[in-house]
Amino acid sequence: MHLNYILPILVLGIVLLLSWLGWKFFLGQPRILEGSRSPKPVLPGAEALAGAMAAGPETLTEKRAVSAAFLRASRRAPSAAARYWRVWLPVVSLLLVALAVAITLKLNRFHRSPEFEAAEYAQGIRIKQTLLEEKLVPPPPLPPEAFVNVIAERPSLGHADRDWSKLNPEFVQVVLRVMEKMKARGFPMVLLEGYRSPERQDSLAGQATLVTKAKGGQSKHQYGLAVDLAPIREGKVVISERDPWAMQAYNALGEEATAAGLTWGGNWSFKDFGHIERSGSLKSLLKK
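Calculation rules
- Residues numbered from 1 in each chain as written.
- Predicted model: local features only at pLDDT ≥ 70, side-chain atom pairs only at ≥ 80, totals over all residues.
- Heavy atoms only, no water.
- Patch = residues over 30% accessible without salt bridge, like charges linked within 9 Å, V, L, I, M, F, W, Y side chains within 5 Å.
- Areas by Shrake-Rupley, 256 points an atom, 1.4 Å probe, with all protein chains shown as cover.
- Salt bridge = Lys/Arg side-chain N within 4 Å of Asp/Glu carboxyl O.
- Helix = DSSP H or I, 4+ residues; strand = E, 2+ residues; numbered from the N terminus.
- Buried < 20%, exposed > 50% of the residue type's maximum accessible area, 1.4 Å probe, protein only.
- Expected span 1.5 Å × (residues − 1).
- Contact = heavy atoms within 4.5 Å.
- Polar contact = N/O pair within 3.5 Å; in protein donor to acceptor, adjacent residues only side chain to side chain.

Peer 1: I'd like a rundown of a nonpolar patch on the surface, residues and numbers included.
Peer 2: A cluster of nonpolar side chains, namely Trp-88, Val-91, Val-92 and Leu-95, defines an oily patch on the protein surface of about 360 Å² accessible area. Mapped onto the elements, Trp-88 comes out in helix α5 (residues 80-106).

Peer 1: Hey, could you go over the environment of Ser-281 for me, with residue numbers and the actual values?
Peer 2: Relative to the elements of secondary structure, Ser-281 occurs in the loop between β5 (275-278) and α11 (282-287). Residue Ser-281 is classed as partly exposed on the basis of its relative accessible area of 41%. Separated by 61 residues in sequence, Ser-281 and Lys-220 have C-alpha atoms that sit 9.5 Å apart.

Peer 1: A description of unusual backbone geometry should follow, citing residues and the corresponding values.
Peer 2: With glycine set apart, most residues show a phi of negative sign, and most peptide bonds adopt trans. Unusually for a residue other than glycine, Glu-234 sits at a positive phi of about 55°. Glu-234 sits in the exposed class, given a relative accessible area of 78%.

Peer 1: Describe in detail helix α10 (residues 244-259), supporting the description with residues and values.
Peer 2: Taking 1.5 Å per residue, 16 residues should reach 22 Å; α10 reaches 23 Å between its end C-alpha atoms and fits that length. For α10, the complete set of buried residues consists of Ala-246, Met-247, Ala-249, Tyr-250, Ala-252, Leu-253, Gly-254, Glu-256 and Ala-257. Residues of α10 that are buried in the fold lie against α8 (169-184), β1 (189-193), β2 (226-233), β4 (262-264) and β5. Taking the backbone nitrogen of Trp-245 as reference, a side-chain oxygen 2.9 Å away marks Asp-243 as the first, capping residue of α10. Just downstream of α10 lies Gly-261, where phi reads positive at about 85°.

Keep in mind that these numbers describe shape and distance, not what the molecule does.
In structure tokens form, the structure reads like this:
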């Protein structure tokens, strides 16, 4: 039987046991402790008192003497068994409650939603911490001259959208912090492409030169959850993978993006070194 079913049943059993003990020895205490299931014990002097009462007291003094004697007899100390239960029942009840709490805490790690994923949880924590920090502002756009070599090498980038406002705001903050760390490592980065329309995605997927395998609606670019970055050297954007310095920058990007909880395209079978995106399946991300 799965632990998700065992735990509630075990705790319910303990609660029922506590309820039974409470009813038997507390709510039903007068009957149990006085021995309702066995002949009522005859208190010392009870027979004499009963005889005196049956005979009928003749004076007020006799009545008072009989009443006082009866009260003294009825107020005798409880039996040893009654004292035992009164002392140990609360202790046993507290131990059972402590046991139920300990079992719940011990098995808590098994009582989780099947959809829970530790990686996504850790990523969410990092994003929340990022949002609590001071919000970063995207850098100003570079002049067109900075992209001359890039467009010459890959003409399709001439129509790339570099508008930060079209991207997911939370994702933007994570990317900007990655870019800050990249700059501190000596690799300033620039946004090569952010949002990508479904039509442009289909156009890139249909090119003779393979740029992407995802069709329109299948890429996180369409939802503002992916960007393509490139390093800047001497005011020029460099994207050539044959450039050793550029590859150092891309590898550093992979390290920083992974540390920030993002997915790096350089880890895919189809290498996309400048690509980073929000981790998780597109279906799960769109549900949030």
